[in-house]
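Notes for the structure review
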Amino acid sequence: MTLLEARNSGFMLMEDFQCLYEEIQQSGIFSDSKTFTDAIAKGTIAEILEAYHRQKQEPDFDLKSFVEMFFVIPIAQPADYQSDPSKPLRLHLEDLWLILTRSPAKAQGTLIELPYDYVVPGGRFREIYYWDSYFTMLGLEVSGQYALIESMVNNFAHLIDTIGFIPNGNRTYYLGRSQPPFFALMVQLLATHQGEEVWQQYLPQLEKEYGFWMKGREKLSLQDDHQRAQARTVMLPDGSVLNRYWDDVPLPRPEAYKEDVALAQQIKDQKPEDVYRHVRAAAESGWDFSSRWFKDGQNMTTIHTTDIIPVDLNCLLFYLEKCLQRAYKNNGNHFLEAIYQQKATQRQGAIEKYCWNVSEGFYSDYDWKMQVIVPNHTLAGVFPLFFGIASQAQATQVAEVLEKKFLREGGLLTTLQTTHQQWDAPNGWAPLQWIAYRGLKNYGFETLAKEIKRRWTQNNEMYYAKAGKMMEKYNVEGQEESAQGGEYPNQDGFGWTNGVYLKMITDDDL
């Protein structure tokens, strides 16, 4: 579904409000820019705009009062919900699934309707999120909520069928971008409980997901600098094709309009549309924001996300190619089985060539414009272990770097850079703790994996004992302080933190 199709379908898009929208977002009447994007109009766009243009001429016009009159302003979570800190954490999380579960509801405002039940992260995140949901499902599996897992997988299949891809979340303002492609892992999770026939059931959607990420592949060429990259695909000097994050819309994010416009005004050596694309691409990565996307490793004003080949994204697409190979093997289509086997083999070779830092003994991103490996280490470097791409010798080196440089009192750092960005030190995030933990186990590093698990889960438990909440992210360097940084306050809830915690504490292989 394109933005035009969304408008024709009756969805509210922020640009429909034109000057009113800009004035609201620039006014600062909401501390969080996402608040107004999630509001629901009480009348038609034409009616509201007519009232706005008429009333703003009045000397006592108050913008906040006008917005409250014509829009239903969302709240972060049910006002009557209060956690009980005396309740054991696991029981609290079992209860929280009900609080975070949403039933199908008619699309209102910017919300895209989904046909089945789903779990939201919590706090300001009032809709389903793509990669969050896989880690949430890990906890739902522990809780025996298999029907809810299937409902969520079916929602994502529905989005692929109706929109053509899985957007960042089920909001119209996310229609330009996706998130890290975890759909194949969700199908795998379902297949472990329902059998191999699940791969055939979701094969059409897996193919469409792959097609979305590979769109533009056929136009790539090394003969023309403008053809070296198309959408999310990039051709590298040896003819290999790897992927990057992208967004189809070169405009400020509606949910962070004020922030994006201010950033573009600070950057004098780039066109505003290029800045917006880099920002939106970082949002597609899920790591919004991190020094990982900055040329100087420190400042948002040097953001250049679309110049980067992310190692984690390409590991996820390697896995998708292996899953498509598996699905075609199961249904006897040996021609397509061989095609996807070849694609996966080629991608694995390209990851090794462009993302393995021999001198550092660690996997990193690759700057395809500068044709250099990015020197900064991040936890994205453990994805090759999670997906079995690394050799045993490489895994040994990665494990050494993790233990020496990333491991802290409360878990693993996300990056080694300290900035004001939330995906940098001193913060740690549940999904990356899980990827590292399982990746290390894949290669037999049981002691280190167990230590990461112990430190992270204790961090979760200590904060819950103190505040009665599970958080979106945690400070892993000093557990007495909450995580800091980012465009919004640390959120409680929290879907993927709950999921990873439950999965870790019940993972008794160690």
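What counts and what doesn't
- Residues numbered from 1 in each chain as written.
- Predicted model: local features only at pLDDT ≥ 70, side-chain atom pairs only at ≥ 80, totals over all residues.
- Heavy atoms only, no water.
- Helix = DSSP H or I, 4+ residues; strand = E, 2+ residues; numbered from the N terminus.
- Rg over C-alpha atoms; globule rule 2.2 N^0.38 Å.
- Buried < 20%, exposed > 50% of the residue type's maximum accessible area, 1.4 Å probe, protein only.
- Contact = heavy atoms within 4.5 Å.
- Areas by Shrake-Rupley, 256 points an atom, 1.4 Å probe, with all protein chains shown as cover.
- Expected span 1.5 Å × (residues − 1).
- Phe/Tyr/Trp six-rings, centres within 6.5 Å; stacked < 30°, edge-to-face > 60°.
- Lys NZ or Arg CZ within 6 Å of the ring centre and 35° of its normal.
- Axes fitted to C-alpha atoms, helices over the stretch in contact; angles between N-to-C directions.
- Parallel < 35°, antiparallel > 145°, perpendicular 65-115°, else oblique.
- Left-handed = near helix turned anticlockwise from the far one by under 90°.
- Nonpolar A, V, L, I, M, F, W, Y, C, P; charged D, E, K, R; others polar.
- pLDDT = per-residue confidence, 0-100.

Secondary structure assignment for the protein yields 20 helices and 16 strands. Whereas a compact globule of 510 residues would reach a radius of gyration of roughly 24 Å, the protein reaches 23 Å, a difference of no more than 12%. In terms of overall dimensions, the protein has a C-alpha envelope of 75 × 65 × 45 Å along the principal axes. Sorting the 510 residues of the protein into buried and exposed places 58% on the buried side. Residue pairs at least 24 apart in sequence account for 67% of intrachain contacts in the protein once pairs closer than 6 positions are excluded. When the accessible area of the protein is evaluated, it comes to approximately 20000 Å², of which 49% is carbon and sulfur surface.

Counted at 1.5 Å a residue, the expected span for helix H9 (residues 183–194) with its 12 residues is 16 Å, and the 16 Å between its end C-alpha atoms agrees. Residues of H9 that are buried in the fold lie against helix H7 (130–142), helix H8 (146–163), helix H10 (197–201), helix H11 (203–214), helix H14 (311–330) and helix H16 (383–386). Gly-195, located one to two residues past H9, shows a positive phi value of around 100°.

With respect to the helices and strands, the residue Asp-288 is situated in the loop between helix H13 (272–285) and strand E8 (308–309). In contact with Asp-288, not counting residues within four places along its chain, are Arg-253, Ala-282, Ala-283, Gln-422 and Trp-423.

In the structure shown here, the tally under the stated rule is 41 aromatic pairs. Plain terms: the ring middles of Phe-212 and Trp-213 are 5.4 Å apart, the flat faces sit at 85° to each other, and that makes the pair edge-to-face. Here Trp-434 and Tyr-437 contribute two aromatic rings whose centre-to-centre distance is 5.4 Å and whose plane-to-plane angle is 45°, an arrangement assigned as tilted. In this pair, Trp-434 and Tyr-437 are both assigned in helix H18 (residues 430–442), 3 residues apart and thus about one turn of the helix distant. Tyr-437 carries the same exposure label as Trp-434, and that label is buried. Just above the ring of Trp-213 sits the side chain of Arg-232; from NZ or CZ to the centre is 5.7 Å.

On to unusual backbone geometry, then. Looking along the chain, the bond that leaves Asp-288 and enters Phe-289 is cis, with omega of 5°. Backbone torsion omega between Ala-425 and Pro-426 reads 10°, so that peptide bond is classified as cis. The topology assignment puts Pro-426 in the loop between strand E14 (411–412) and strand E15 (427–428). With phi around 60°, Gln-371 is a residue other than glycine that occupies positive phi space. With respect to the helices and strands, Gln-371 occurs in the loop between strand E11 (366–367) and strand E12 (372–373).

Before going further, it helps to spend a moment on the packing of H9 against H11. The geometry of H9 relative to H11 is characterised by a closest axis approach of 10 Å and an angle of 160° between their N-to-C directions. Regarding the angle of H9 to H11, the classification is roughly antiparallel. The crossing of H9 and H11 is left-handed. Of the residues in H11, those touching H9 at Phe-183, Ala-184 and Val-187 are Gln-205, Leu-206 and Glu-209. Looking at the contact of H9 with H11 residue by residue, the classes come out as 4 nonpolar, 1 polar and 1 charged.

Across the interface, helix H12 (residues 257–266) lies against H13 with an axial gap of 9 Å and an inter-helix angle of 130°. It follows from the interaxial angle that H12 and H13 lie oblique. In this structure, H12 meets H13 at a crossing whose hand is right-handed. Every residue of H13 that contacts H12 at Asp-260, Val-261, Leu-263 and Ala-264 is listed here: Pro-272, Val-275, Tyr-276 and Val-279. Looking at the contact of H12 with H13, its residues break down into 7 nonpolar, no polar and 1 charged.

Across the protein, the average pLDDT comes to 92, with 92% of residues at 70 or higher. Here residues 3–12 is modelled with pLDDT under 50, and outside its nearest four sequence neighbours on either side it reaches 26 contacts, counting other chains as well.

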